[in-house]
Amino acid sequence: MGKGGENGEKRNYRPATQVVRAGRDPFEHEGFVNTPIYRGSTVLSPDVDHFLGKKGRFVYGRRGTPTTAALADAIAGLEGGAGAALTPSGLSAITTAITAVARSGDHILVTDTAYGPTRHFCDTLLAAMGVETTYYDPVVGAAIADLFRPNTRAIYLESPGSLSFELQDVPAIAAASKQRGAAVLMDNTWATPLYFRPHEHGVDLSIQAGTKYLGGHADLNLGTISATGEWWPKVKEAAGTLGLCPGPEDAFLALRGLRTLAVRLERHMQSGLAIANWLAGRPEVKQVLHPALATHPQHAIWKRDFHGACGLFSVVLKPRPQAAVAAFIDELELFGIGASWGGYESLAIPFDCAKFRTATRWNPGGPTVRFHIGLEDADDLIADLERGLKRLAAA
Ligand SMILES: *Cc1c(COP(=O)(O)O)cnc(C)c1O
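Residues numbered from 1 in each chain as written. Predicted model: local features only at pLDDT ≥ 70, side-chain atom pairs only at ≥ 80, totals over all residues. Heavy atoms only, no water.

S.K.: Explain the sheet that holds strand S8 (residues 285-289) to me, please; I cannot follow it from the model alone.
M.R.: Each strand in a sheet pairs with another by means of backbone hydrogen bonds, the pair being arranged parallel or else antiparallel. Read from one edge to the other, the open sheet built from five strands follows the order S8-S9-S12-S11-S10, with strand pairing classed as mixed. The open sheet is flanked by S8 and strand S10 (335-336), the only strands paired with a single partner. Of the pairings in the sheet, the one linking S8 to strand S9 (residues 312-317) comprises four bridges and is antiparallel in character. Paired with Val-288 across the strands is Val-315, a residue of S9. (Pairing = 2+ DSSP bridges. Helix = DSSP H or I, 4+ residues; strand = E, 2+ residues; numbered from the N terminus.)

S.K.: Whenever I open this one, a nonpolar patch on the surface confuses me. Can you help?
M.R.: A cluster of nonpolar side chains, Val-48, Phe-51 and Leu-52, forms an exposed patch at the surface whose accessible area comes to about 370 Å². In this fold, Leu-52 is placed in helix H2 (residues 48-52). Note on Leu-52: relative accessible area 65%, which makes it exposed. (Patch = residues over 30% accessible without salt bridge, like charges linked within 9 Å, V, L, I, M, F, W, Y side chains within 5 Å. Areas by Shrake-Rupley, 256 points an atom, 1.4 Å probe, with all protein chains shown as cover. Salt bridge = Lys/Arg side-chain N within 4 Å of Asp/Glu carboxyl O. Buried < 20%, exposed > 50% of the residue type's maximum accessible area, 1.4 Å probe, protein only.)

S.K.: So what exactly am I meant to see when it comes to the pairing of strand S4 (residues 152-158) here?
M.R.: In regular strands, side chains alternate between the two faces of the sheet. The buried count for S4 comes to six of seven residues, which makes it a mostly enclosed element. The sheet contact formed by strand S2 (residues 107-111) and S4 spans four bridges and is parallel. Residue Ile-108 lies in a different strand from S4, and its bridge partner there is Ala-154. In this structure, S4 lies alongside strand S5 (residues 183-187), joined through five bridges in parallel fashion.

S.K.: Explain helix H10 (residues 261-280) to me, please; I cannot follow it from the model alone.
M.R.: For an α-helix the count is 3.6 residues per turn, leaving residues at separations of three or four pointing the same way. Helix length check: H10, at 20 residues, gives a terminal C-alpha distance of 28 Å against a target of 28 Å (1.5 Å per residue), a fit within 8%. Within H10, the full set of buried residues consists of Leu-261, Ala-262, Arg-264, Leu-265, His-268, Met-269, Ser-271, Gly-272, Ile-275, Ala-276 and Leu-279. (Expected span 1.5 Å × (residues − 1).)

S.K.: Is there a simple way to think about the layout of surface pockets in this case?
M.R.: Over the atoms rolls a probe the size of a water molecule, and in doing so it shows where empty space is left. In this model, the largest pocket occupies a volume close to 660 Å³. Put simply, the parts of the chain that give the lining of the largest pocket at least two residues each are helix H3 (66-79), strand S1 (83-87) and helix H8 (232-242). When residues in the lining of the largest pocket are grouped by element, the largest group, five residues, is from H3. When its residues are assigned to classes, the lining of the largest pocket shows 14 nonpolar, seven polar and five charged. Considering only enclosed or pocket space, the second largest pocket measures out at about 500 Å³ in volume. In terms of lining, the second largest pocket is formed by 31 residues, of which the most central are Tyr-115, Ser-162, Lys-212, Trp-341 and Arg-370. Taken together, the elements giving at least two residues each to the lining of the second largest pocket come down to helix H4 (90-101), helix H5 (116-128) and strand S6 (205-209). Looking at the lining of the second largest pocket residue by residue, the classes come out as 13 nonpolar, 12 polar and six charged. (1 Å grid on protein atoms, 1.4 Å probe; cavity = no way out; pocket = protein on both sides within 12 Å on 5 of 7 lines; lining within 4 Å. Points joined across faces, edges and corners; volume = space filled by probe spheres on them. Nonpolar A, V, L, I, M, F, W, Y, C, P; charged D, E, K, R; others polar.)

As structure tokens, this is what we get:
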């Protein structure tokens, strides 16, 4: 037992080894390398005693199958959490995590750079449930202490912000929150647990949109919440009560994506850095917003806390009319125009944070474009961008 799977001796394997082994035991499945797709709602018991005592590891499809359990175990192991819940989308992981910690009459703090639909949830359903949200400046650091109220139950971080890339001082914010008994939640989709380890920096609930790099192929939606021992029972209870379960194919695809996560991220990082550096030298570009570049305002935090960078970053262009930006993006051959990221393909979209920010002002001084650098050859991507920047200048 254990050869090729997880059930051997417990060793401190490095992340690239963990993603290959985690949540897998071939000899539970006749020696087949991958945990198969189990489809099913009903789970039969051998007798009444077993049924009434809920003695099986699996009792009902919604509560877990060998396929989803393999993924949940792998995520909890990789994150270093006491347990992990799976949800059908990244957004439902976020709404479930917040619902698990906040009650009517509570107040929560949310970063001004939170993913748009997270804000929407806080401003609508969460508000209707009697929970008040205050948005805060992501670079607030230890001064977050001033924003706590007696009823502040949780703080929600996302670092870096996935459009504007401000980094948060997670350990300082987590320390201030712990002192006041508030739960620390973080959307860690950008870094994944390979490049930033939330629980090691004081985060209680670590959230990922598995839709992005975990899936890695733009073919599924999935969310994960890993929780520390203190919070895992609450997360498990909330996810179970809400009735959330990802489909079996999506769980299987996420497990498949997990196996290549380390090599894919490495390539996304290398190509992303090459292209970010190339863009930084272009006359059309005012500023590159990439945490791993020394010019990034919070680069010191990235160096201190992160093990790598994914393929997602933005640029501020020198002032040009919107039509020129469209001429740049529209004719790019290798960059699709689309929301989401983390797949093998490159993307480019215009964006404007001024539309939704409330705690901070967004005034970058030129049009902004977000890139996702995929797994294509970086030189081909650069050549495509070079043709695009010529169109930008000529338009
Ligand atoms: C995409 C994304 C989500 C939501 O994931 P879905 O599966 O689309 O619901 C949450 N947070 C971040 C940072 C994302 O990029």
